Amino acid sequence: MDGVRLNKFIAEAGVASRRKADELILQGRVKVNGETVSEPGVRLKAGVLVEVDGKAVAPERKKVYIMLHKPARYISSVKDQFSRKTVLDLIKGVRERVYPVGRLDYDTSGLLLLTNDGDFAYRMTHPKHEVDKVYLAVVAGVPDEKDMEAFKNGIVIDGLLTSPARLKVVRAEKDHSLVKITLREGRNRQVRKMCQAIGHPAISLKRIGIGRLRLGNLKEGKWRNLTREELRMLGL
Ligand code: URA
């Protein structure tokens, strides 16, 4: 029987998601028994030494699933080229090497998952799995019926039509409103761009749900492990 594929091995070792592992391999940052390998799907024989950026990688047995209430002004990646604070600065006392599942913008707060389970991260972020993401946004002005229709029918951003999304006004004030937005895609700054496109730019943005999972009353900057029930809801 053939061994595990290189990209899967790296993902299971908790170094990166499967997709990110592919990138690391294609960037020439992965060595197998001292040789750079640029083929993500190559199968490994038992006992080989795999290194990423010169560091040996070993399979991690315990899978960890964390929910973080990300504050604004934290970057959702493991390292930042401008030395800004990363979400990992908020995760203390976890031995496993977890990383964010997808990302929230620097200015966006709310529900962010972190894990060392590459398969799970892949499943949650791949568009074909269509997981709903739910956001609360404070936007300028008050969106009307026509704006809600635009969200439903799709809006062209960056030259591509968005897939159906929902916009609901939760509370309208004189010059701004609180809206709930649900979408399945996760394109770069998608919610902000869609709000901008309908003429109601986002003033603040917070993610409150992923699939059936809800942020609930977890305080900003705090994290917790997902419960067994929540894992089940996410298909684990
Ligand atoms: N859409 C955005 O514009 N920003 C996020 O952080 C997430 C979704």
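Everything here concerns the structure above.
Everything in this summary refers to the structure shown in the same document. (Residues numbered from 1 in each chain as written. Predicted model: local features only at pLDDT ≥ 70, side-chain atom pairs only at ≥ 80, totals over all residues. Heavy atoms only, no water.)

## Observations regarding the overall build of the protein chain
- The helix and strand tally for the protein chain stands at six helices and 15 strands.
- Across its three principal axes, the protein chain shows a C-alpha extent of roughly 65 × 40 × 35 Å.
- When the 236 residues of the protein chain are sorted by exposure, 44% land in the buried category.
- When the accessible area of the protein chain is evaluated, it comes to approximately 13300 Å², of which 49% is carbon and sulfur surface. (Helix = DSSP H or I, 4+ residues; strand = E, 2+ residues; numbered from the N terminus. Buried < 20%, exposed > 50% of the residue type's maximum accessible area, 1.4 Å probe, protein only. Areas by Shrake-Rupley, 256 points an atom, 1.4 Å probe, with all protein chains shown as cover.)

## Details of the side chain of Ser-77
- Inspection of the secondary structure assignment puts Ser-77 in the loop between β5 (65-70) and β6 (99-100).
- Overall, the relative accessible area of 16% leaves Ser-77 in the buried class.
- Here the side chain of Ser-77 touches Lys-79 through a polar contact of 3.0 Å, landing on its backbone oxygen.
- Residues in contact with Ser-77, not counting those within four places in the same chain, are Thr-86, Val-87, Pro-100 and Arg-103. (Polar contact = N/O pair within 3.5 Å; in protein donor to acceptor, adjacent residues only side chain to side chain. Contact = heavy atoms within 4.5 Å.)

## Remarks on the side chain of Ser-109
- With respect to the helices and strands, the residue Ser-109 is situated in strand β7 (residues 109-115).
- Beyond its immediate chain neighbours, meaning those up to four positions away, Ser-109 contacts Lys-70, Pro-71, Ala-72, Leu-104, Leu-205, Lys-206, Arg-207 and Glu-220.

## Regarding the sheet that holds strand β3 (residues 50-52)
- Taken together, the four strands give an open sheet; going across it, the order is β2-β1-β3-β4, and neighbouring strands pair in antiparallel fashion. The open sheet has two edge strands with one neighbour each: β2 (35-36) and β4 (55-56).
- Alignment of strand β1 (residues 30-32) against β3, held across three bridges, turns out to be antiparallel. Of the residues in β3, the one forming a bridge with Val-32 is Val-50. (Pairing = 2+ DSSP bridges.)

## A few points about the site of the ligand
- In the vicinity of the ligand, the contacting residues are Leu-104, Asp-105, Thr-108, Tyr-135, Arg-189, Gln-190, Val-191, Arg-192 and Leu-205.
- Arg-189 is positioned with one of its backbone polar atoms (N or O) 3.3 Å from an oxygen atom of the ligand.
- Summarising the interface, the protein chains cover 95% of the accessible area of the ligand, which totals 240 Å² for the free molecule.
- Of the residues forming the shell around the ligand, the biggest block, three residues, is contributed by helix α5 (residues 190-197).
- When the residues that make up the shell around the ligand are grouped by side-chain class, the tally is four nonpolar, two polar and three charged. (Near = heavy atom within 4 Å. Nonpolar A, V, L, I, M, F, W, Y, C, P; charged D, E, K, R; others polar.)

## Examining the packing of aromatic side chains
- Here the structure, examined in full by the defined rule, presents one aromatic pair.
- Ring geometry for Tyr-65 versus Phe-120: centroids 5.2 Å apart, planes at 85 degrees, classification edge-to-face. Separated by 55 residues along the polypeptide, Tyr-65 in strand β5 and Phe-120 in helix α3 (residues 118-125) bring together distant segments of the chain.
- Relative accessible area serves as the criterion here: at 2%, Phe-120 is assigned to the buried category.
- Seen from the ring of Tyr-122, Arg-18 lies directly overhead, with NZ or CZ sitting 5.8 Å from the centre.
- One residue, Arg-84, lies across the ring of Tyr-106, its end atom 4.6 Å from the ring centre. (Phe/Tyr/Trp six-rings, centres within 6.5 Å; stacked < 30°, edge-to-face > 60°. Lys NZ or Arg CZ within 6 Å of the ring centre and 35° of its normal.)

## Comments concerning the pairing of strand β11 (residues 166-172)
- As judged from the six bridges shared by β11 and strand β12 (residues 176-183), these two strands associate in the antiparallel manner. Across the sheet, residue Arg-166 finds its bridge partner in β12, namely Thr-182.
- Connecting β11 to the antiparallel partner β12 that follows it, the hairpin turn spans three residues.

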